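Listed here are the chains, written in short residue letters.
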Amino acid sequence: MKKGMYFFQVNYPYGKSAHIPYTAGQLAAYAFADKDISENYELKKIFFLRDKIDKVLTQIENPSVVAFSTYIWNCNYNKTLAKLIKEKYPECIIVFGGHHVSPGGSMLEECPYIDYLLHGEGEIIFKRLMRAVIGLEIAEEIPGISMRTEKGIITNPEMISSECDFPSPYLNGFFDDILKENPDKDFMALIETS
């Protein structure tokens, strides 16, 4: 049975307009291009709207991994939701990344329900962490990660990568369900260039 994975990149809607959760889609597209990940995980849902937490909790079933893309406007919401998910599913791995995750492991000290922090560009780090969860890599050796160990919280130096040939979440269908399930929304599509 595949491990259930959920992503959260929640934002406020603007009337009928909403942002496509590009970062979550990009991380998923890169991770699921890996054969080992696609054979061992199932992407259950990418949440992009800031719905009531009680409603969101009813849409999550037996999560193995829940990843949060964290910004100043959704950090407290993410923390509240992550805490409740961890209480309901204590074996679930909670991952926080994004611009509002400060360097170092202070967020792990503050939030015992978070298992991993990702620092810097997340695609490669997240994929490697998902491989570590299924025993194919060693989490403590992944750059750009903070985590709890038997020796305490460790933070590895950020990874500098020039890789930019990532698969498209648009072309690979990672937003198809969001578009089908929300025909009333006018989506603002995002892209990243270099």
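Predicted, not measured: the structure shown is a model, and the values here were computed from it. (Residues numbered from 1 in each chain as written. Predicted model: local features only at pLDDT ≥ 70, side-chain atom pairs only at ≥ 80, totals over all residues. Heavy atoms only, no water.)

Moving on, we come to the overall build of the protein chain. Helix and strand counts for the protein chain stand at 7 helices and 9 strands. For 194 residues, the compact-globule estimate of 2.2 N^0.38 gives 16 Å, and the protein chain sits close to it at 16 Å. The principal-axis extents of the C-alpha atoms in the protein chain amount to approximately 50 × 35 × 35 Å. Summarising the internal contacts of the protein chain: among those between residues at least 6 apart in sequence, 67% fall at separations of at least 24. Taking the average location of the 20 positive side-chain charges in the protein chain and that of its 27 negative ones, the two points are 5 Å from each other. (Helix = DSSP H or I, 4+ residues; strand = E, 2+ residues; numbered from the N terminus. Rg over C-alpha atoms; globule rule 2.2 N^0.38 Å. Contact = heavy atoms within 4.5 Å. Lys, Arg positive; Asp, Glu negative; His and termini not counted. Charge placed at Lys NZ, Arg CZ, Asp CG, Glu CD.)

Read from one edge of the open sheet, 7 strands run β3-β1-β4-β5-β6-β7-β8, paired in mixed fashion. Among the strands making up the open sheet, the edge pair consists of β3 (41-49) and β8 (152-155). Strand-to-strand, the axes of this sheet are offset by a mean angle of 20°, without reference to chain direction. Here 7 bridges tie strand β1 (residues 3-11) to β3, and the two strands are oriented parallel to one another. (Pairing = 2+ DSSP bridges. Axes fitted to C-alpha atoms, helices over the stretch in contact; angles between N-to-C directions.)

Attention shifts here to the side chain of Lys 185. Mapped onto the secondary structure, Lys 185 falls in the loop between α7 (176-181) and β9 (186-188). No salt bridge forms around the buried Lys 185; measuring N to O, its nearest opposite-charge neighbour Asp 184 is 4.4 Å away. In this structure, Lys 185 is in contact with Gly 15, Lys 16, Ala 18 and Leu 49, ignoring residues within four places of it in sequence. (Buried < 20%, exposed > 50% of the residue type's maximum accessible area, 1.4 Å probe, protein only. Salt bridge = Lys/Arg side-chain N within 4 Å of Asp/Glu carboxyl O.)

This part takes up the packing of aromatic side chains. Within the structure shown, the criterion is met by 11 aromatic pairs. Here the aromatic rings of Tyr 30 and Phe 166 are separated by 5.0 Å at their centres, their planes lie at 85°, and the arrangement is edge-to-face. Of this pair, Tyr 30 sits in helix α1 (residues 22-32) while Phe 166 sits in the loop between β8 and α7, and the two are 136 residues apart along the sequence. Owing to a relative accessible area of 10%, Tyr 30 belongs among the buried residues under this scheme. The ring centre of Phe 47 lies 5.1 Å from the NZ or CZ of Lys 45, which sits over that ring. (Phe/Tyr/Trp six-rings, centres within 6.5 Å; stacked < 30°, edge-to-face > 60°. Lys NZ or Arg CZ within 6 Å of the ring centre and 35° of its normal.)

The next point concerns the nonpolar core. A general feature of soluble globular proteins is that nonpolar side chains tend to end up buried together. Grouped together as the largest cluster of nonpolar side chains are 33 residues, with contacts concentrated most on Met 5, Phe 7, Val 95, Tyr 116, Phe 126, Leu 129 and Met 130. For this core, the secondary structure elements donating two or more residues are β1, α1, β3, β4 (63-69), β5 (93-97), β6 (116-118), α6 (123-133) and β7 (145-149). A total of 6 residues in this core trace back to one element, the largest contributor, which is α1. Contact partners of Phe 7, with chain neighbours within four places excluded, come to Ala 24, Leu 27, Ala 28, Leu 43, Lys 45, Ile 46, Phe 47, Ala 67 and Phe 126. (Core = buried A, V, L, I, M, F, W, Y, C linked by side-chain atoms within 4.5 Å.)

Turning to the packing of α1 against α6, a few remarks are in order. The geometry of α1 relative to α6 is characterised by a closest axis approach of 9 Å and an angle of 50° between their N-to-C directions. By the angle class used here, α1 and α6 are oblique. By crossing handedness, the relation of α1 to α6 is classed as right-handed. Side by side, α1 and α6 meet where Gln 26, Leu 27, Tyr 30 and Ala 31 of the first sit next to Glu 123, Ile 124, Phe 126 and Lys 127 of the second. In terms of residue class, the contact of α1 with α6 is built from 5 nonpolar, 1 polar and 2 charged. (Parallel < 35°, antiparallel > 145°, perpendicular 65-115°, else oblique. Left-handed = near helix turned anticlockwise from the far one by under 90°. Nonpolar A, V, L, I, M, F, W, Y, C, P; charged D, E, K, R; others polar.)

Moving on, we come to a nonpolar patch on the surface. Together, Tyr 12, Ile 72 and Trp 73 make up a nonpolar patch on the protein surface, roughly 350 Å² of accessible area in all. Within the secondary structure, Trp 73 is located in the loop between β4 and α4 (75-88). Of the residues examined, Trp 73 reaches a relative accessible area of 40% and is grouped as partly exposed. (Patch = residues over 30% accessible without salt bridge, like charges linked within 9 Å, V, L, I, M, F, W, Y side chains within 5 Å. Areas by Shrake-Rupley, 256 points an atom, 1.4 Å probe, with all protein chains shown as cover.)

Another aspect to go through is unusual backbone geometry. Most peptide bonds take the trans form, and the phi angle of most residues other than glycine is negative. Even without glycine at this site, Asn 62 takes up a positive phi of about 40°. Residue position: Asn 62 is located in the loop between α3 (53-57) and β4. On the basis of relative accessibility, which here comes to 57%, the residue Asn 62 falls in the exposed class.

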